[in-house]
Amino acid sequence: MRFMPNIIDGKKIANDIIQDLKNKVSILKEKPTLCVIIAGQNEASKIYVKNKIKKAQELGFNSILKELDENVTKEELFDTIRTLNNDENINGILLQLPLPKHLSEKDFLDEISPVKDVDGFNTYNSGKLFKGEKPYAIPCTPKGIMGVLKLYDVQLEGKTSIVIGRSNIVGKPIASLLLKENATVIQAHSKTKNLKELTKIADIVVSATGQKEFITGDMIKDGAVCIDVGIVRDENGKIKGDFEFNSISKKASLITPVPGGIGPLTIANLMVNTYELYLLQKGLKNEKR
Ligand code: NAD
């Protein structure tokens, strides 16, 4: 059977999220404040950070950029985070990864106060997610994926899903979120031996590996929902995903392109997390956790 796939327009969904947020922020007396910390001169990181600050400003948030030297000491970075944790004017703290090699990402992510952890990467928030409980913030990319599945009314309960990739920032949290919605979750990774046998039985495929176009149409079940998180540049500098889009789109009922699929949703959800943490800190939103 040949399906006409629905191609998800991530840019439009992200614009809708931002527009909705703009309206909500416009009626606030004080504005949420996001602080982004970057250590070193990684060119890609500098662009990501610039885009995050720009989006925050577009929304009317206050934004602060803390640029630290490549050779920043552990003590200086710990001090920076602690000062921000204690500053009640700061609502969200984002530590741009990767850190310079002499610094342990885990130690510094865990230093961020869980209630200001806009990326949802520290152990408290990831532990909550793993247990199926409510973290203060859900990592932005998985949150974006779940938003798309909800928007398209994708039934998850009892469905077989495969997550390819097991990173702490995408693979593991998206698997926890799918499990929480009662999907049957297969978690595949670089050591998985029989990937095609597993992808073939999946109703939902989420791929987050950064391996260019390595998932092909013959690996996909007819009518599957296919979400591509991968971002990788080809030899001509063109952005590609994990999916071979042409062959998969002949099988999928729903598919995200790269670029223009999940990517724009990540930054939009970073802004949603900043706003939601602000509400929590100000006592404007009460949630049971
Ligand atoms: P990562 O490098 O930390 O993890 C990659 C995962 O892929 C690993 O768990 C590894 O086991 C798995 N993997 C690698 N090769 C494989 C193979 N041949 N078969 C099966 N599994 C394999 O990466 P990450 O941080 O999770 O990011 C994954 C991709 O998603 C990257 O391309 C990254 O740029 C992209 N990404 C995109 C967004 C977005 O906003 N769209 C956000 C985060 C990451």
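Here the structure is shown first, and the text comes after it.
Residues numbered from 1 in each chain as written. Predicted model: local features only at pLDDT ≥ 70, side-chain atom pairs only at ≥ 80, totals over all residues. Heavy atoms only, no water.

Chemist: For this particular structure, what's the right way to read the site of the ligand?
Modeler: By nearness alone, 20 residues border the ligand, and Arg166, Ser167, Ser190, Ile231 and Thr266 come closest of all. Measuring from an oxygen atom of the ligand, one finds a side-chain N or O atom of Thr266 at 2.6 Å. In isolation the ligand exposes 860 Å². Once the protein is present, 72% of that is buried. In this structure, the ligand is accommodated by the largest pocket. (Near = heavy atom within 4 Å. Polar contact = N/O pair within 3.5 Å; in protein donor to acceptor, adjacent residues only side chain to side chain. Areas by Shrake-Rupley, 256 points an atom, 1.4 Å probe, with all protein chains shown as cover. 1 Å grid on protein atoms, 1.4 Å probe; cavity = no way out; pocket = protein on both sides within 12 Å on 5 of 7 lines; lining within 4 Å. Sits in = over half its atoms within 2 Å of the grid points.)

Chemist: Would you mind going over the sheet that holds strand 7 (residues 204-207) with me for this structure?
Modeler: Hydrogen bonds between backbone groups are what pair the strands of a sheet, and the pairing can be parallel or antiparallel. Across the sheet, which stays open at both edges, the 6 strands sit in the order 1-11-8-7-5-6 with parallel pairing between neighbours. Single-partner strands in this sheet number two, and they are strand 1 (6-7) and strand 6 (184-188). Pairing between strand 8 (residues 225-228) and strand 11 (residues 254-255): 2 bridges, direction parallel. Each residue of the ladder has a partner; that of Cys226, found in strand 11, is Ile255. In the packing of helix 7 (residues 171-180) onto the sheet, contacts are made with strand 5 (160-164), strand 6 and strand 7, and the angle to strand 6 comes to roughly 165°. (Pairing = 2+ DSSP bridges. Helix = DSSP H or I, 4+ residues; strand = E, 2+ residues; numbered from the N terminus. Contact = heavy atoms within 4.5 Å. Axes fitted to C-alpha atoms, helices over the stretch in contact; angles between N-to-C directions.)

Chemist: Can you walk me through the layout of surface pockets in this structure?
Modeler: Over the atoms rolls a probe the size of a water molecule, and in doing so it shows where empty space is left. There is about 1800 Å³ of room inside the largest pocket. As for the largest pocket, its lining consists of 48 residues, of which Tyr48, Thr141, Ile231, Gly263 and Thr266 are closest to the centre. Of all the secondary-structure elements, those providing two or more residues to the lining of the largest pocket are helix 1 (10-26), helix 2 (43-58), helix 6 (140-151), strand 9 (232-233) and helix 10 (263-281). The leading source of residues in the lining of the largest pocket is helix 2, at 9 residues. (Points joined across faces, edges and corners; volume = space filled by probe spheres on them.)

Chemist: Which parts of the structure should I look at to understand the environment of Thr199?
Modeler: In this structure, Thr199 sits in helix 8 (residues 195-199). For Thr199, a relative accessible area of 0% puts it in the buried group. Once the C-alpha coordinates of Thr199 and Ile18 are considered, the two residues, 181 residues apart in sequence, prove to be 33 Å apart. (Buried < 20%, exposed > 50% of the residue type's maximum accessible area, 1.4 Å probe, protein only.)

Chemist: What is the right way to read the sheet that holds strand 4 (residues 92-95) from this model?
Modeler: Overall, parallel pairing links the 3 strands, which are arranged 3-2-4 in an open sheet. Each of the sheet's edge strands pairs with one partner strand only, and the pair in question is strand 3 (62-68) and strand 4. Neighbour to neighbour, the strand axes of the sheet diverge by 15° on average, direction disregarded. The pairing of strand 2 (residues 33-39) with strand 4 spans 4 bridges and is classified as parallel. Bridging across to strand 4, Val36 finds its partner in Leu94.

Chemist: Would you take a moment to explain the pattern of salt bridges for this structure?
Modeler: Any two side chains of opposite charge can pair, given that their charged atoms come close. In total, this model carries 15 salt bridges according to the counting rule given. As a salt-bridge pair, Asp203 and Lys221 come within 2.7 Å of each other at their nearest N and O atoms. Linking Asp203 in the loop between helix 8 and strand 7 with Lys221 in the loop between strand 7 and strand 8, this pair joins segments that are 18 residues apart in sequence. Its salt-bridge partner being Glu276, residue Lys285 comes within 3.9 Å of it at the nearest N-O pair. Residue classification places Lys285 among the partly exposed residues on the basis of a relative accessible area of 21%. Note on Glu276: relative accessible area 24%, which makes it partly exposed. Here the salt bridges share partners, and the residues they tie into one network are Lys22, Lys55 and Glu58. (Salt bridge = Lys/Arg side-chain N within 4 Å of Asp/Glu carboxyl O.)

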